[in-house]
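Observations on the model geometry
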Amino acid sequence: MELSSGINAEYGVFDYYKTISNIDILESIKLEMSGDTAAAFTAIVEVVQNPVHYFADQLFKSMKGLGTNDNKLIRLMVWRSEIDLVEIKEEFKIISNGETLESFIEGDCSGNYKVALLALC
């Protein structure tokens, strides 16, 4: 099997893995690994398979529940703001059952911190 380079190559590897092992790569990671190693490998696969969904989910997790993971929120907002934040905002709305990224920021943040994050949106 010959694979080209880039993101399509990774998809090809995941498809080929499933063909030869009869199990999805994510399921294999869950069965064969644990802890931080499993979390790291799972994140890599999820980013390769659907980066927009992965980052929308990470933004959602940074603000859901009690407290906000400010470091994660800032890092993701700044990093993705010039890459694919428009698409991430659309996916975020799906993950959050119709709430916008801006409404989450409004509810979780305050002051100049909130203003800066909203400016990135």
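About the thresholds
- Residues numbered from 1 in each chain as written.
- Predicted model: local features only at pLDDT ≥ 70, side-chain atom pairs only at ≥ 80, totals over all residues.
- Heavy atoms only, no water.
- Helix = DSSP H or I, 4+ residues; strand = E, 2+ residues; numbered from the N terminus.
- Buried < 20%, exposed > 50% of the residue type's maximum accessible area, 1.4 Å probe, protein only.
- Contact = heavy atoms within 4.5 Å.
- Arc of directions from axis to C-beta.
- Axes fitted to C-alpha atoms, helices over the stretch in contact; angles between N-to-C directions.
- Parallel < 35°, antiparallel > 145°, perpendicular 65-115°, else oblique.
- Left-handed = near helix turned anticlockwise from the far one by under 90°.
- Nonpolar A, V, L, I, M, F, W, Y, C, P; charged D, E, K, R; others polar.
- Salt bridge = Lys/Arg side-chain N within 4 Å of Asp/Glu carboxyl O.

Now for the environment of M63. Assignment of secondary structure puts M63 in helix α4 (residues 51-63). Note on M63: relative accessible area 2%, which makes it buried. The residues contacting M63, other than those within four sequence positions of it, are T68, L73, F92, L101, F104, I105 and D108.

At 3.6 residues per turn, the α-helix brings residues three or four places apart onto the same side. Within the sequence span of helix α2 (residues 25-32), burial applies to I25, L26, S28 and I29. Seen end-on, α2 carries its buried residues on one side only, within an arc spanning 160 degrees. With respect to the buried face of α2, the exposed residues turned more than 90 degrees away are K30 and L31.

Turning next to the packing of α4 against helix α5 (residues 70-80). Packing of α4 against α5 brings their axes to within 9 Å, and their N-to-C directions diverge by 150 degrees. When the axes of α4 and α5 are compared, the pair comes out roughly antiparallel. With respect to the hand of their crossing, α4 and α5 are arranged in left-handed fashion. Mapping the contact onto sequence places F55, Q58, L59, S62 and M63 in α4 and K72, L73, L76, M77, W79 and R80 in α5. Each residue belonging to the contact of α4 with α5 can be placed in one class, and the counts come to 7 nonpolar, 2 polar and 2 charged.

Before going further, it helps to spend a moment on unusual backbone geometry. Phi is positive for N22, close to 60 degrees, though the residue is something other than glycine. Residues other than glycine seldom take positive phi values, yet N97 does so here, at roughly 60 degrees. Looking at the element boundaries, N97 is found in the loop between α6 (85-95) and α7 (101-108). What makes N97 exposed here is its relative accessible area of 74%.

As a further point, take the pattern of salt bridges. It is possible for side chains of opposite charge to pair when their charged atoms get near one another. Across all of its chains, the model carries 4 salt bridges by this definition. Among the salt bridges present, the one from R80 reaches D84, with a minimum N-O distance of 2.8 Å. Here the two residues R80 and D84 agree in accessibility, since each one is buried. Across the pair E102 and K89 runs a salt bridge whose closest N-O atoms are separated by 2.8 Å.

Taken by themselves, the reported measurements are silent on function.
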